[in-house]
Amino acid sequence: MSKSIFSDNLLIKYSTIILLCIAGISLSVYSLVPAILGGIVGIICTFIFGFIVSYLISNLKYFKSIPVSLCFSSLTTAISLILINSLIYFIYKITPTTVTLSFVLLAFVVIFLSRQIKIKPLEFCKLKLTFRTSHIIAIIILFCQGLMIYKLFLKTTTEALASPWLLFGNNFFIIYILTLVLLFIFQYQTKKNPLAFVFLIIHYFITFGVVAIIYKLGYGYDPFLHRAAESHILEFGAILPKTPFYLGQYITVVLTNLISHLPLKLIDIWLVPILSAITLPFSAYFGSKYGLKLKDNWARITALLTLLYPLNTMYVTTPHNLANLLLLNLILISPAIYQNRSLIVPSTILGIFAFIAQPLSGFFALWLLAGIVILDVAKKKSTALIYIYTIAGIMAIPFLFLIYWSLNKISIPTLSTISNNINNFPDLFLLAPYYFINQQVSWILDFVYLSRIFIPILIVAVSIFAFYKLKENKFKIYFLLPIIILVNIFFIITWLIHPDLDPKEQLQYAERLRHILIFFIIPFSSFGIIYLLKKIRKKTILIFSFIFISLILTATWYLTYPQRNPKVHFPGLNVTQADFDASKLIHDENTDSNYIVLSTILTSAASIEQFGFTTYFDTNLGQFFYYSIPSGSPLYQAYLKMLYEEQSQETMQEVMDLTKTDKAYFVINSYWHDFANIVEGAKKTADSWQEVDGGNIWVFRYGTLYPERSETE
């Protein structure tokens, strides 16, 4: 009887703390205190709220039996808040009141479920940090990681930069290799030590934080679009038309901003890199230890081996990249479901989060879980069920495409389209994404680009070997899903060709699926390598093996980001200060938005961040954004003509007639190929022009606004 009273009193205490935390969160989201103080209060109260609610969830039936249950209950708490707010957003909108109510609702449900269970008082274990012989290695690792982070922050730029690697010499990569070798040795020698995970998290932060640190103003184009949508939701509570797509990211960013008062742009830029650094090492470790039954030290090493495949969607925040991160986490964790079925609950929540972040990758997260449940947990081993599962998976994405096209009255291609585009399928896998330069280069670059071909083959081969050694038929689902995705890719790239999309943009759907093909076998490739490493008896050979793997991992890191070197031209240009200045110049010299701009998508991104989705033009060819963007827009086609054919006044007049405007701008960046000749050609036809940021961008004006040609300095 006394235990029951104690448990009730304990729940009352926890409930009181939860309510106080909600009050503190309310102070922050309603901005009832100064922003800095409110942000601090909001972060602290959210952390305490999350910790206590997660602890209560970890005591529930479905979580109690899960190893490291507090981690999975914390995951459930965070995603539950996002899902509740996503549902509220879809029905109504996001406001300080709805955010507060979401915390109240979650707290009420958890406290209600906790009434009938015995709750133990919280105990904080004392962690002993004993290094023994590895203390020197730990100090060197920490020093090297700190040095790399320091060097990254020294190289921040607002100028155009084709590749972040242009800022670093060989010494930077030597430090990375040395750190990796020491990390392998440290993880191998160390048993349970909190520093082991700290080092892994810092290593992932360095691996995926390069772009977020170096490109001060932002990188790419899509992130700017999504940030503009998030800013609109933050200001108005919703953005129309409402859609379930992308909500996973939008609600996460907006919710974090309301609670913490950190700049929305900062949250958005760092969301995926930081989540990658925190979650992927744990997921790799957990799945390997509790699913594939590796010892603690070898399970931690799999966190390093997970980086063998170039995860080039983990360093920039977009809904697709967030969904990929959630999918990979689910794949890494999921082998443990076979040992502990209680994991299905948090795993399903994770899969739903992936789906509302971006349906393409999110669907396969849910389809993996469906396969595990149907083919293993349900204990139905019939061949017919496997065929049904496979065929349904193969048809799912084409079916979704066809429904979407039908609803939007887009003509559906005939099956004969497949034969016309059949070559697209092998080209997707065989053609290199690079512009190779035919000249002699150092053996290092040859090794790097040989690794690009060798690594996927190695992963597949070692995964098959691991599947054979595990002798577990239940894991066949992980090898079946890549086949399902492969067939989906075939249909997307040969049949489901959108008539209004640029071919490069159409190709993105297939490229996105191609990237996640390898995801499903990553846990088994890591297991296979560990299996081979465990066979090595001599420590000298083991260390040499760690060195060789570290070289391959460094090559992978290099390949993860855009490259420009004597062998390859594969740039990934960033938004610059000149882009911001040029778009502001154009905006400021117009009292209305009745003009169009032909520019790179990066200048368009700078305008969207500063001024939002200002203007759309209704034309007889459809509705078009006032900046040229590559989404089937005739403005973008006109921009390409101005770049690659002739800088003619007729081309500019055509798009002005189409949009019924009398003002147009042609913007050219100095890094563009044949920049000097394009500028000279445009000077002959434009009404006026102006250099921006010392000539980094030129802005040419066309139309009745400028009746006389003149050069503006």
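As the structure is a computational prediction, the values presented were derived from the model and not from experiment.

Participant: Describe a positive patch on the surface, listing the residues and the values that go with them.
Facilitator: On the surface, Lys-191, Lys-295, Lys-469, Lys-471, Lys-534, Lys-535 and Arg-537 cluster together into a positively charged patch. Checked against the element boundaries, Lys-295 lands in the loop between helix H12 (264–290) and helix H13 (296–305). A residue is classified by how much of its surface remains accessible, and Lys-295, at 61% relative accessible area, is exposed.

Participant: Run through the packing of aromatic side chains, naming residues and quoting values.
Facilitator: Two numbers describe a pair of aromatic rings. These are the distance of the centres and the angle of the planes. Under the criterion given, the structure shown has 58 aromatic pairs. Between Phe-205 and Trp-270, the aromatic rings sit 5.4 Å apart at their centres with planes inclined by 10°, giving stacked as the arrangement. In this pair, Phe-205 sits in helix H8 (residues 194–208) while Trp-270 sits in helix H12, placing the two residues 65 residues apart along the sequence. Judged by relative accessible area, Trp-270 falls into the buried class, the value being 14%. Aromatic ring contacts, followed pair by pair, group Trp-165, Phe-168, Phe-172, Phe-173, Tyr-176, Tyr-215, Tyr-219, Tyr-315, Trp-557, Tyr-558 and Tyr-561 into a single cluster. One Lys or Arg, Arg-227, reaches over the ring of Phe-224 and ends 4.6 Å from the middle of that ring.

Participant: Report on the sheet that holds strand S2 (residues 563–564), specifying residues and quantitative values.
Facilitator: Taken together, the 3 strands give an open sheet; going across it, the order is S1-S3-S2, and neighbouring strands pair in antiparallel fashion. Two strands in the sheet have a free side with no partner beyond their single neighbour: strand S1 (435–436) and S2. Alignment of S2 against strand S3 (residues 568–570), held across 2 bridges, turns out to be antiparallel. Across the sheet, the residue bridging to Arg-564 is His-569, located in S3.

Participant: Lay out unusual backbone geometry in plain terms, naming residues and giving numbers.
Facilitator: The bulk of non-glycine residues show a negative phi, and the bulk of peptide bonds are trans. At Ser-31, a residue that is not glycine, the phi angle is positive and equals roughly 55°. By the secondary structure assignment, Ser-31 is in the loop between helix H1 (2–29) and helix H2 (35–58). For Ser-31, a relative accessible area of 48% translates into the label partly exposed. Even without being a glycine, His-261 presents a positive backbone phi close to 65°. Position of His-261 among the secondary structure elements: in the loop between helix H11 (247–260) and H12. Given a relative accessible area of 28%, His-261 falls into the partly exposed group.

Participant: Residue-level account of the environment of Phe-197, with values.
Facilitator: With respect to the helices, strands and loops of the structure, Phe-197 is situated in helix H8. Leave out the neighbours within four places in its chain, and Phe-197 touches Pro-281, Phe-282, Tyr-285 and Arg-300.

Participant: Quick one: what's the story with the environment of Gln-187, residue by residue and with numbers?
Facilitator: Of note, Gln-187 is situated in helix H7 (residues 170–189). Setting aside chain neighbours within four positions, we find Gln-187 in contact with Ala-196, Leu-200, Asn-297, Arg-300 and Ile-301. Among the polar contacts made by the side chain of Gln-187, one reaches the side chain of Arg-300 at a distance of 2.6 Å.

Participant: For a nonpolar patch on the surface, give the residues involved together with the corresponding values.
Facilitator: There is a patch of nonpolar side chains on the surface, built from Ile-17, Ile-36, Ile-40, Ile-44, Phe-47 and Ile-48 and spanning about 590 Å² of accessible area. If one sorts the elements of the nonpolar patch by residue count, H2 sits on top with 5 residues. Structurally, Phe-47 is set in helix H2. Given a relative accessible area of 60%, Phe-47 falls into the exposed group.

Participant: Give me the lowdown on helix H26 (residues 601–611), citing residues and values where you can.
Facilitator: Looking at H26, one finds that the buried residues are Leu-602, Thr-603, Ser-604, Ala-605, Ala-606, Ser-607 and Ile-608. The secondary structure elements touched by the buried residues of H26 are helix H10 (222–236), helix H25 (577–588), strand S6 (622–625), strand S7 (663–669) and strand S9 (697–703). Once H26 finishes, Gly-612 follows within two positions and takes phi at roughly 75°, a positive value.

Participant: Summarise the side chain of Ser-361; cite the residues concerned and give the values.
Facilitator: Position of Ser-361 relative to the elements: it lies in helix H16 (residues 359–377). By relative accessible area, which is 1% here, Ser-361 ends up buried. The contacts of Ser-361, once residues within four sequence positions are left out, are His-320, Ala-323, Asn-324, Leu-327 and Ile-516.

Participant: Please give an account of the pattern of salt bridges that cites residues and values.
Facilitator: By the definition in use, this model includes 9 salt bridges. Here Arg-227 makes a salt bridge to Glu-609, at a shortest N to O gap of 3.5 Å. Of this pair, Arg-227 sits in helix H10 while Glu-609 sits in helix H26, and the two are 382 residues apart along the sequence. Judged by its relative accessible area of 28%, Glu-609 is partly exposed. Linked by salt bridges that have partners in common, Arg-227, Lys-265, Asp-268 and Glu-609 make up one network.

Conventions and cut-offs
- Residues numbered from 1 in each chain as written.
- Predicted model: local features only at pLDDT ≥ 70, side-chain atom pairs only at ≥ 80, totals over all residues.
- Heavy atoms only, no water.
- Patch = residues over 30% accessible without salt bridge, like charges linked within 9 Å, V, L, I, M, F, W, Y side chains within 5 Å.
- Areas by Shrake-Rupley, 256 points an atom, 1.4 Å probe, with all protein chains shown as cover.
- Salt bridge = Lys/Arg side-chain N within 4 Å of Asp/Glu carboxyl O.
- Lys, Arg positive; Asp, Glu negative; His and termini not counted.
- Charge placed at Lys NZ, Arg CZ, Asp CG, Glu CD.
- Helix = DSSP H or I, 4+ residues; strand = E, 2+ residues; numbered from the N terminus.
- Buried < 20%, exposed > 50% of the residue type's maximum accessible area, 1.4 Å probe, protein only.
- Phe/Tyr/Trp six-rings, centres within 6.5 Å; stacked < 30°, edge-to-face > 60°.
- Lys NZ or Arg CZ within 6 Å of the ring centre and 35° of its normal.
- Pairing = 2+ DSSP bridges.
- Contact = heavy atoms within 4.5 Å.
- Polar contact = N/O pair within 3.5 Å; in protein donor to acceptor, adjacent residues only side chain to side chain.

Worth remembering: the numbers are spatial, not functional.
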